[in-house]
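# What the coordinates show
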Amino acid sequence: MISFSPEGYAAVLRAGLDAGYGFVPVGEAIAREGKTVALRHDVDFDLDHARQMAEIETGLGVRSTYFVLMGCDFYAATDAAGRAAIAAITDLGHEIGLHWDSSYIADAEQAVDRVRRERDLLSAIVGKPVVSASQHVPTDSAYFDIESLFQVEAYSAAMRERFTYVADSSMRWRAKTPLDLFAEGVDVQFNAHPVWWISQGETADDKLRALREVQAQRQSAEYERFIGYMNHVLANRDAYDRKFAEARAL
């Protein structure tokens, strides 16, 4: 039985390595020969969880793709914490891809324009071109053809033809687990969501509630940091005003 924990995730990766698989990012998967796992992560809730998962993988010599949402209710890829997490993941040798969401896109023309702009913004954050993408909640949102914007879209025909897809969505495997597919020896596209493996708790509900508390604590700390900064500025307002005036007078 697979344990949804950091240790359980590492055990799954070791099982694949022991079975002779190479784990690579989605952007490199199609070109790779031999038994291959295209390892990917749809980052739906938390970039710090993604960073922790990336550290586990690097410790095992495994590389993967982290698909990042540019419009997310739970994190911001553009803020300081988001940029730091993305930088840490790329520094560990992993790929950053775009997790594109069609739920707020009206038509095909808007889809190409919107996804292109998100791709370019994420590329600027990463510091190199983003070449891979995956659609967010593809079973419950409209499909638009944006494949011309990327080298690889995770649900493209080329990926589906070669790789058997397996995902841990809501901690509920479908017909087979990654371990089943490793035993069969087929090429695998494994979508592992960081929240299910990194967050605390036994059930999906527990893990999301635990993450909610972690994020609330982070937000509270940010408010306290800003309160301290605001009071510092107010106490030194004259000095800050002089600094502003001098800078504009140059």
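Above this note sits the structure.
To keep things clear, this report deals only with the structure shown in the data block. Source: prediction; values computed, not measured.

Rules used in this analysis
Residues numbered from 1 in each chain as written. Predicted model: local features only at pLDDT ≥ 70, side-chain atom pairs only at ≥ 80, totals over all residues. Heavy atoms only, no water. Core = buried A, V, L, I, M, F, W, Y, C linked by side-chain atoms within 4.5 Å. Buried < 20%, exposed > 50% of the residue type's maximum accessible area, 1.4 Å probe, protein only. Contact = heavy atoms within 4.5 Å. Helix = DSSP H or I, 4+ residues; strand = E, 2+ residues; numbered from the N terminus. Salt bridge = Lys/Arg side-chain N within 4 Å of Asp/Glu carboxyl O. Pairing = 2+ DSSP bridges.

One broad trend across soluble globular proteins is that nonpolar side chains are buried collectively. Counting 56 residues, the largest nonpolar core has Y9, I86, L122, F190 and W197 as its most contacted members. With sequence-adjacent residues up to four places away left out, L122 is seen in contact with V68, M70, I86, I96, G97, L98 and V130.

Mapping A154 onto the fold places it in the loop between β6 (152–153) and α6 (157–162). Spatially, the C-alpha atoms of A154 and A133 are 6.1 Å apart, while their sequence positions differ by 21 residues.

The subject of this paragraph is the pattern of salt bridges. All told, the structure shown has 13 salt bridges when counted by the stated rule. For D187, the salt bridge is made with R162, and the minimal N-O distance between the two is 2.9 Å. Here D187 is found in the loop between α7 (178–184) and β8 (188–191), whereas its partner R162 is found in helix α6, with 25 residues between them in sequence. Overall, R162 belongs to the partly exposed group, its relative accessible area being 25%. When the shortest N-O distance is used, the salt bridge between E213 and R212 registers 3.6 Å.

Okay, the pairing of β8 next. Neither face of β8 is left uncovered, since the one carrying V188 and F190 and the one carrying Q189 and N191 both have all their residues buried. Note: strand β2 (residues 36–43) against β8, four bridges, orientation parallel. Across the sheet, the residue bridging to V37 is V188, located in β8. Across four bridges, strand β7 (residues 164–167) lies against β8 in parallel orientation.

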